[in-house]
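# Descriptive analysis of the structure
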Amino acid sequence: MTFPTVRLLRNRQTKELRNILAETALHKSDLIMPFFINETLQEKKAVEKMPGICQHSFSSLLPEVERIVNLGLSSVILFGIPEEKDPHGNVAFHSHGVIQKAIQEIKKHFPHLIVIADCCLCEYTSGGHCGIMEEGKLNNDATLASLQKVALSYAESGVDIIAPSGMMDGMVQAIRAGLDAHHHEMVPIMSYAVKYASQFYGPFRDAAGSSGDATVDRKVHQLDPRQSREAVREALLDVEEGADYLMVKPALPYLDMIYQVKTRTLLPVVAYQVSGEYAMLKLAAKQGLFQEWEVFYETLIGIKRAGADLIISYYADEIAKRLN
Ligand code: PBG
């Protein structure tokens with residue numbers, strides 16, 4: 001049977017019909033809000049390249065967390081900017097480090113908020129490298145020992161989920177073993193399993209102060225955008241190493257990978273709508289090219305339709321406002 005007996009427009013005639021037929025939904029509980037905490041600040045400071053986003057001081061953090069809790073969001077991911085960096089990024093596992101303190105403060109006041117901590121060295125090494133460098137080369141295995149210590153210090157501070165983002169071989173296995181050896185076997189790992197070497201991280205490096213020096217070349221550990229089967233291998237290896245969630249990042253240019261990870265594994269899939277995606281839409285909306293809320297909603301629905309169960313987005317609070 002076909003036209004004119006079949007008419008697809010019948011089901012699209014009214015908002016009510018479109019609503020009851022909607023296949024994809026976006027809920028507040030799907031969204032994870034990122035926060036930057038800068039321990040050198042007395043008050044919050046706007047991030048120039050990300051309109052609407054701030055680096056927080058310890059005093060501006062809690063009111064802001066309270067605001068997003070009141071909006072009905074249930075989870076946050078934290079990034080820290082330490083006062084001092086060192087060549088090996090050892091400040092990252094200091095027991096009174098910026099993230100360790102932030103986790104404790106947030107969990108003390110908002111025990112039900114899910115606190116996720118990004119676990120990488122790039123914000124803590126003086127060169128901005130995600131790992132330990134030796135004679136100009138990334139030492140993957142030496143980096144694992146540091147990541148174990150960082151993850152353990154986050155767990156001891158009361159974090160709910162550890163999110164290793166450095167794309168080191170064996171990072172999930174190492175962190176799992178380190179946590180388990182210290183009785184943190186119930187702390188889940190959200191692995192940045194499929195993380196591409198992307199231009200879209202540009203504004204983040206400004207926000208997190210992790211641009212680094214001229215020798216930083218993340219292409220030696222992050223995925224090449226021309227790869228897709230290698231990305232699936234990354235995801236499958238992380239499943240075997242004991243990951244509890246798999247992340248794909250960035251989101252919009254990699255919807256095919258969100259779909260593949262969803263269909264080829266059984267783990268919850270997290271997509272990260274990264275800083276460059278946020279800034280691009282935000283700036284274009286400011287120029288009048290798009291309706292801001294509508295364009296963000298459309299991209300987030302697209303990311304969910306591709307298979308994401310959860311989405312990290314700098315626009316999470318604005319979406320929550322409108323969904324209320
Ligand atoms: C690494 C990390 C990065 C992002 C999240 N975790 C930066 C990088 O790999 O250079 C990027 C997130 C974004 O662009 O919003 N700690």
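The present account deals with the structure reproduced in this document. Nothing here was measured: the structure is a model prediction, and the numbers come from that model. (Residues numbered from 1 in each chain as written. Predicted model: local features only at pLDDT ≥ 70, side-chain atom pairs only at ≥ 80, totals over all residues. Heavy atoms only, no water.)

## Focus on the pairing of strand S12 (residues 310-313)
Side chains Leu-310 and Ile-312 project from S12 onto one buried face, and the interleaved Ile-311 and Ser-313 project onto a second face that is buried too. The sheet contact formed by strand S1 (residues 31-38) and S12 spans two bridges and is parallel. Pairing of Ile-32 across the sheet is with Ile-312, part of S12. Examined bridge by bridge, strand S11 (residues 269-273) and S12 share four bridges and lie parallel to one another. From the neighbouring strand, Ala-271 faces S12, where its bridge partner is Ile-311. (Buried < 20%, exposed > 50% of the residue type's maximum accessible area, 1.4 Å probe, protein only. Helix = DSSP H or I, 4+ residues; strand = E, 2+ residues; numbered from the N terminus. Pairing = 2+ DSSP bridges.)

## Digging into helix H7 (residues 229-241)
With 13 residues, H7 should cover 18 Å at 1.5 Å per step; its first-to-last C-alpha distance of 18 Å lies within 8% of that length. Of the surrounding elements, those touching the buried residues of H7 are helix H5 (171-181), strand S9 (190-195), strand S10 (245-249) and helix H8 (255-264). Downstream of H7 by one or two residues, Gly-242 has phi in the positive range, about 105 degrees. (Expected span 1.5 Å × (residues − 1). Contact = heavy atoms within 4.5 Å.)

## Some remarks on the state of the cysteines
Going through the model one piece at a time under the given rule, you end up with zero disulfides. Considering cysteine sulfurs only, Cys-120 is the nearest to Cys-119, which forms no disulfide, with 7.7 Å between them. Residue Cys-122 stays outside any disulfide, its sulfur separated by 3.9 Å from that of Cys-120, the closest cysteine. (Disulfide = S-S within 2.5 Å.)

## Regarding the packing of aromatic side chains
Overall, the coordinates contain 11 aromatic pairs when judged by the stated rule. With centroids separated by 5.8 Å and ring planes inclined at 50 degrees, the aromatic side chains of Tyr-278 and Phe-296 adopt a geometry described as tilted. One end of the pair, Tyr-278, is in helix H9 (residues 275-286); the other, Phe-296, is in helix H10 (residues 292-306), and 18 residues separate them in sequence. Each member of the pair, Tyr-278 together with Phe-296, is buried. Among the aromatic residues, those joined into a ring-pair cluster are Phe-36, Phe-79, Tyr-192, Phe-204, Tyr-272, Tyr-278, Phe-296, Tyr-314 and Tyr-315. Above the plane of the ring of Tyr-201 lies Lys-249, whose end atom (NZ or CZ) is 4.6 Å from the centre. (Phe/Tyr/Trp six-rings, centres within 6.5 Å; stacked < 30°, edge-to-face > 60°. Lys NZ or Arg CZ within 6 Å of the ring centre and 35° of its normal.)

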